[in-house]
Amino acid sequence: MLIQNYNVIGVMSGTSLDGVDIAYISFKKNESWEYKILFAKTYRYDDFWREKLEFSQDLKNNELNILNNEYTEFLASRIKEFIQENSIKQIDLIGSHGHTIFHKPSLGYTFQIGNIQELANYIGRTVICDFRIDDVILGGQGAPLVPIGDLLLFKKHDVCLNLGGFANISIKSKNEIIAYDICAVNTVFNFLSNKLKLEFDNEGLNARKGKLIKDFYDKLEDLKYYKLFPPKSLGIEWVKLKVFPLLEHFSTYPIFDLLHTYLIHISKEIAKNLNQSNSVLITGGGAYNSFLIEQIRKHTKAELILPERLLIEYKEALIFGFLGVLRYRNEINCLKSVTGSKKDHSSGKIFYP
């Protein structure tokens, strides 16, 4: 008989390169799943790791293998540090996303570093990871993965919107769910903010100072991805191929104006996807971008709900812990309605130390 209580560590590293989010969560299964985030912390990437990860797509195979091993050791050290700092004794498993280097499901591959046996060996705990690859093999996008958590853990909201490196949305209808990536968010904001010697645009203050660049706005509106029907997903490759060249083309304009124009563009794009919604739960670092939230509100009648800080910052780490629990129980954690794969399935590799 399956146990109904789990103490789990969830680990997430996103495309915005801010750091590794680690959360210690208790999950309980009664008639439905319940959770409580007990401890959580973000371990910021220093300049060394931020630069390594930012340019990792340019590495050759042997260099990628070296990076994979180095990153796995780095990730293990952060997780062990987190365990020690919080004097955590009971751990049933660790659910870890790894860090995405390539995500090209249309070409049949996706690759996250930090998803190897050594992670379990270094920590001395059961690790469940590499959740995307099985879905891609089954013909799916391998993303988004969070919607199973949205469906089972956040039942009272009909939409969950995450504003991280990308904006991802889960839309629920009865017991079904569709989900997809809407647009790039902090991958672009942070790229522009770095040119101002800032890590990010705090509360959207710099974007607020800017003015709309009409030609740039029109080019963004014309991006073909927005016209595709789900299932669909985005990776950093798309940003580098489609958005960064536009930023370069309009680079003679002030950074404030580029930030402002991009924010106005994505606020409308996000709002388009909320028009049939009632209650929208917003999480991710973009939830702190006051100017972005204000602009989204201008274009939708949906109720936008910003929860407590722990959930805003650690919802993805929470859900990757949950994905690990479902995989451990051999229960469905990847939905064909979301990814477009051939079937619902239980995805992820299980590594024992």
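Scroll up to find the structure this text is about.
Conventions adopted
Residues numbered from 1 in each chain as written. Predicted model: local features only at pLDDT ≥ 70, side-chain atom pairs only at ≥ 80, totals over all residues. Heavy atoms only, no water. Pairing = 2+ DSSP bridges. Helix = DSSP H or I, 4+ residues; strand = E, 2+ residues; numbered from the N terminus. Axes fitted to C-alpha atoms, helices over the stretch in contact; angles between N-to-C directions. Core = buried A, V, L, I, M, F, W, Y, C linked by side-chain atoms within 4.5 Å. Buried < 20%, exposed > 50% of the residue type's maximum accessible area, 1.4 Å probe, protein only. Contact = heavy atoms within 4.5 Å. Phe/Tyr/Trp six-rings, centres within 6.5 Å; stacked < 30°, edge-to-face > 60°. Lys NZ or Arg CZ within 6 Å of the ring centre and 35° of its normal. Arc of directions from axis to C-beta. Parallel < 35°, antiparallel > 145°, perpendicular 65-115°, else oblique. Left-handed = near helix turned anticlockwise from the far one by under 90°. Nonpolar A, V, L, I, M, F, W, Y, C, P; charged D, E, K, R; others polar. Salt bridge = Lys/Arg side-chain N within 4 Å of Asp/Glu carboxyl O. Right-handed = clockwise from strand over helix to strand, strands pointing away.

### Describing the sheet that holds strand E2 (residues 19-29)
What links the strands of a sheet is backbone hydrogen bonding, and the strands pair in either a parallel or an antiparallel sense.
No. 1: Overall, mixed pairing links the 6 strands, which are arranged E3-E2-E1-E4-E7-E13 in an open sheet. Only two strands of the sheet have a single partner each, and these edge strands are strand E3 (33-44) and strand E13 (349-351). Strand-to-strand twist across the sheet, computed as the mean angle between neighbouring axes with direction ignored, equals 20°.
No. 2: Across 3 bridges, the pairing between strand E4 (residues 93-96) and strand E7 (residues 127-129) is parallel. Of the residues in E7, the one forming a bridge with Gly95 is Ile128.

### Some remarks on the nonpolar core
No. 1: Of all hydrophobic cores here, the largest spans 51 residues; its most connected members are Trp238, Val239 and Ile270.
No. 2: Looking at which element gives the most residues to this core, the answer is helix H10 (residues 255-272), with 9 residues.
No. 3: Other than its neighbours up to four places away in sequence, Val239 contacts Phe166, Ala184, Thr187, Val188, Phe244 and Pro245.
No. 4: In this structure, Phe154, Cys160, Tyr314 and Val325 belong to the second largest nonpolar core, which totals 34 residues.

### Focus on the packing of aromatic side chains
No. 1: Applying the stated criterion to the full structure yields 19 aromatic pairs.
No. 2: Centroid distance Tyr225 to Tyr226: 6.4 Å. Interplanar angle 75°. Geometry classified as edge-to-face.
No. 3: Given the relative accessible area of 7%, Tyr225 is considered buried.
No. 4: On the accessibility criterion, Tyr226 (12% relative accessible area) is buried.
No. 5: Linked through ring pairs, Tyr45, Phe48, Trp49, Tyr71 and Phe74 together constitute an aromatic cluster.
No. 6: It is Lys232 that lies over the ring of Tyr225; its NZ or CZ is 4.5 Å from the centre.

### What about helix H8 (residues 214-221)?
No. 1: All of the buried residues along H8 are Phe216, Tyr217 and Leu220. One face of H8 carries all of its buried residues, which in axial projection span an arc of 100°.

### Description of the packing of H10 against helix H11 (residues 290-298)
No. 1: At their nearest, the axes of H10 and H11 sit 8 Å apart, and the two run at 45° to each other. When the axes of H10 and H11 are compared, the pair comes out oblique. The two elements H10 and H11 cross, and the hand of that crossing is right-handed. Here His260, Leu263, Ile264, Ile266, Ser267, Ile270 and Ala271 of H10 come into contact with H11, specifically with Phe291, Leu292, Gln295 and Ile296.
No. 2: Residues that form the contact of H10 with H11 fall into these classes: 8 nonpolar, 3 polar and no charged.

### A closer look at the pattern of salt bridges
No. 1: Taken as a whole, this structure holds 12 salt bridges when the rule is applied.
No. 2: In this structure, Glu269 and Lys272 form a salt bridge, with 3.3 Å as the shortest nitrogen-oxygen distance. Of this pair, Glu269 and Lys272 both sit in helix H10, separated by 3 residues, roughly a single helical turn.
No. 3: Classification of Glu269 as buried rests on a relative accessible area of 6%.
No. 4: Within the structure, one salt-bridge network assembled from shared partners comprises Asp47, Arg50 and Glu199.

### Examining the pairing of strand E11 (residues 279-283)
No. 1: Judged by how many residues are buried, E11 sits mostly within the fold: 5 of 5 residues are covered.
No. 2: By the alternation rule, side chains of E11 split into Ser279, Leu281 and Thr283 and Val280 and Ile282, which are all buried.
No. 3: Strand direction decides the pairing type here: strand E8 (residues 159-163) and E11, joined by 4 bridges, are parallel. Across the sheet, residue Leu161 finds its bridge partner in E11, namely Ile282.
No. 4: Bridge count for E11 against strand E12 (residues 303-305) is 3 bridges, and the pairing is parallel. Within E12, the position partnered with Val280 by the bridge is Leu304.
No. 5: In this view, the connection linking E11 to its parallel neighbour E12 by way of H11 has right-handed handedness.

### So, the pairing of strand E10 (residues 176-184)
No. 1: Most of E10 sits inside the fold, with 7 of its 9 residues counted as buried.
No. 2: Where strand E9 (residues 166-173) lies against E10, 8 bridges are found, and the strand directions are antiparallel. By the bridge assignment, Lys172 is partnered in E10 with Ile177.
No. 3: Once E9 ends, the chain turns through 2 residues before running back antiparallel as E10, passing Lys174 with a positive phi of about 55°.

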